[in-house]
Amino acid sequence: MTPHPILPPFPKSIEKWWWNQACLKWPDYSEDKLLNAIRREIVEQSDRFNKTRSFDSNSYGSRDLSILSYGNFFFPRTWQAMSFALSEAYFLRNWKAPRKGPLRILDLGSGSGASGLASLFQLRQWSVKNPISLEAWDYSGKSLATMKNLHRSCMDLWPDSKVFTTRKDLTNDLPPPNKRKFDLILLGFSLNEILQESESGSRIEWMKKVLHHLKPGGFVLIMDPASVDSCTRLQEDSFILKQEDARINLHAPYFNGLPCPFFIQKSKYYSHEVRRITPTQTVQRINSPLHLETREVKFGFTMLSKADVVTLPGGSEHCRLVSPVRKRKGTISFIGIGSDGEEYRYELQRRDIKKEETKGVLLLQRGDVLQINGGVAGKEERQIRLPSPQSISLLFTPRIEVG
Ligand SMILES: C[S@@+](CC[C@H](N)C(=O)[O-])C[C@H]1O[C@@H](n2cnc3c(N)ncnc32)[C@H](O)[C@@H]1O
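A. Highlighting the domain arrangement of the protein chain. According to the domain assignment, the protein chain contains domain 1 (8-305) and domain 2 (318-400). Every contact between the two is made by 25 residues of domain 1 and, on the other side, 26 residues of domain 2. Here domain 1 is connected to domain 2 by three salt bridges. Between Glu273 and Arg320 there is a salt bridge, and its shortest N-O distance comes to 3.1 Å. Here domain 1 and domain 2 share eleven residue pairs in polar contact (both at pLDDT 80 or more) between them. For the side of domain 1 that touches domain 2, the elements supplying multiple residues, two or more each, are α3 (64-91) and β8 (273-276). Among the residues forming the side of domain 1 that touches domain 2, the class breakdown is 13 nonpolar, seven polar and five charged.

B. Representation of the packing of α3 against helix α4 (residues 114-125) within the structure. The interhelical angle for the contact between α3 and α4, taken along N-to-C directions, is 50°, at an axis separation of 8 Å. In this view, α3 runs oblique relative to α4, as classed from their interaxial angle. Relative to α4, α3 is oriented so that their crossing is right-handed. Side by side, α3 and α4 meet where Phe75, Thr78, Trp79, Met82, Ser83 and Leu86 of the first sit next to Ala114, Ser115, Leu117, Ala118, Ser119, Phe121, Gln122 and Leu123 of the second. Across the contact of α3 with α4, the residue classes break down as nine nonpolar, five polar and no charged.

C. Layout of the environment of Cys154. Tracing the chain through its elements places Cys154 in the loop between α5 (141-153) and β4 (161-167). Each C-alpha atom, one on Cys154 and one on Pro11, is 9.8 Å from the other, the two residues being 143 residues apart in sequence.

D. Focus on α4. Helix length check: α4 (twelve residues) gives 16 Å between terminal C-alpha atoms against 16 Å at 1.5 Å per residue, within 8%. Extensive coverage of α4 is indicated by the burial of eleven of its twelve residues. Turning to α4, its buried residues number three or more, namely Ala114, Ser115, Gly116, Leu117, Ala118, Ser119, Leu120, Phe121, Gln122, Leu123 and Arg124. Where α4 ends, the next residue or the one after it, Ser127, has phi of about 60°, a positive value.

E. The side chain of Thr358, seen in detail. Structurally, Thr358 can be placed in helix α10 (residues 355-362). On the basis of relative accessible area, Thr358 is assigned to the buried category, the value being 10%. In contact with Thr358, not counting residues within four places along its chain, are Lys327, Ile332 and Ile353.

F. Quick look at the pattern of salt bridges. Applying the stated criterion to the full structure yields 24 salt bridges. Taking the shortest distance from any N to any O, the salt bridge between Glu135 and Arg104 comes out at 2.8 Å. Of this pair, Glu135 sits in strand β3 (residues 132-138) while Arg104 is found in strand β2 (residues 103-108), placing the two residues 31 residues apart along the sequence. Here the two residues Glu135 and Arg104 agree in accessibility, since each one is buried. In this structure, Lys359 engages Glu356 in a salt bridge whose closest nitrogen and oxygen atoms are separated by 3.5 Å.

G. The pairing of β4, seen in detail. Examined bridge by bridge, β3 and β4 share seven bridges and lie parallel to one another. Paired with Asp138 across the bridge in β4 is Arg167. Assessed by its sense of winding, the connection that carries the chain from β3 through α5 to β4 is right-handed.

Conventions adopted
Residues numbered from 1 in each chain as written. Predicted model: local features only at pLDDT ≥ 70, side-chain atom pairs only at ≥ 80, totals over all residues. Heavy atoms only, no water. Domains from an automatic or database assignment. Contact = heavy atoms within 4.5 Å. Salt bridge = Lys/Arg side-chain N within 4 Å of Asp/Glu carboxyl O. Polar contact = N/O pair within 3.5 Å; in protein donor to acceptor, adjacent residues only side chain to side chain. Helix = DSSP H or I, 4+ residues; strand = E, 2+ residues; numbered from the N terminus. Nonpolar A, V, L, I, M, F, W, Y, C, P; charged D, E, K, R; others polar. Axes fitted to C-alpha atoms, helices over the stretch in contact; angles between N-to-C directions. Parallel < 35°, antiparallel > 145°, perpendicular 65-115°, else oblique. Left-handed = near helix turned anticlockwise from the far one by under 90°. Expected span 1.5 Å × (residues − 1). Buried < 20%, exposed > 50% of the residue type's maximum accessible area, 1.4 Å probe, protein only. Pairing = 2+ DSSP bridges. Right-handed = clockwise from strand over helix to strand, strands pointing away.

So this is what it looks like as structure tokens:
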């Protein structure tokens with residue numbers, strides 16, 4: 001089983017740039033003192049993201065220490081997460097750059113640019129040749145200035161691209177679209193903050209306004225934290241949006257425009273990705289006494305567009321993994337959502353599998369898209385027995401190359 005696509009590691013030059021910025025800011029600090037200051041800030045930010053979840057423009061976008069701590073620690077993580085999401089649009093969902101002319105990207109709640117700049121970088125890696133203009137909107141002027149600075153400093157990573165920044169509180173003030181619409185609109189871990197106080201109705205209206213900024217073939221990629229609440233809200237809002245405007249299609253996480261089944265019927269699982277990432281050396285140094293999870297990124301994810309969805313035939317013959325792969329005494333199993341939007345339990349008998357093959361199956365990740373050949377209905381409802389690991393073909397299994 002050879003995974004595809006393989007994405008490049010987080011660029012070392014950006015890692016160095018962020019660390020340099022921190023050293024330049026506090027030239028009198030010893031390395032230990034600087035690391036400790038960043039660690040204290042990371043613990044605070046981590047609590048804010050995972051526990052208190054209360055944000056305003058001073059939360060982490062107005063102080064140098066917050067921006068530099070985010071950059072050195074969280075930035076590579078959201079960069080890699082957005083790289084996974086964009087690679088799905090590109091390799092699986094048939095998003096295409098315009099045939100000619102500039103490619104336009106809008107990054108909403110861009111912060112210092114992890115999502116937008118990751119997109120510039122990946123598109124160039126995939127040999128997308130158009131000139132690219134990236135518009136970044138955020139209410140933190142300092143973050144936007146940092147993004148421009150980083151873009152300018154590492155131009156070799158994204159040749160022929162321009163960044164335009166606008167300082168804006170997006171909660172109430174989403175401007176009407178002008179003639180120049182976007183090929184990609186990115187919301188990397190920002191939607192939940194921008195709409196933190198909003199009720200369902202106003203969230204849907206807000207998302208409709210975002211979609212007005214999209215070209216007919218353009219895609220909106222939304223990633224949010226992986227809590228049950230925010231993932232369920234994201235999937236439910238996307239579904240209602242589609243119900244209220246039939247032109248909008250749900251391209252991901254599932255298939256054939258079908259919604260997430262988990263907010264309709266109860267399940268042990270909920271829609272989110274769990275992907276392995278490679279922590280940078282700086283992240284590892286910061287993290288050594290903190291012991292935070294740095295080797296995987298979890299996120300809720302949805303992809304919307306007015307373009308037609310890619311159709312995948314069948315029911316259980318294609319699936320997206322929504323559970324860990326479990327190795328039990330006699331079986332290896334996982335849960336997937338099929339191309340008919342139903343939940344299936346796939347099962348392999350271990351006695352039929354060689355050790356090496358078992359390893360391969362255990363390396364599958366939540367979010368992987370598989371084609372299942374020759375599965376046979378089991379005794380239980382929606383249980384599919386696989387004759388061998390060769391029944392599994394990998395359709396979309398993005399992995400980060402080890403740097
Ligand atoms: C978790 S950060 C994500 C930043 C970036 N998208 C990334 O991928 O790393 C959330 C961003 O949303 C911005 N934000 C939150 N609420 C906002 C609002 N009401 N208006 C504009 N930006 C907002 C914050 O300033 C912050 O930069």
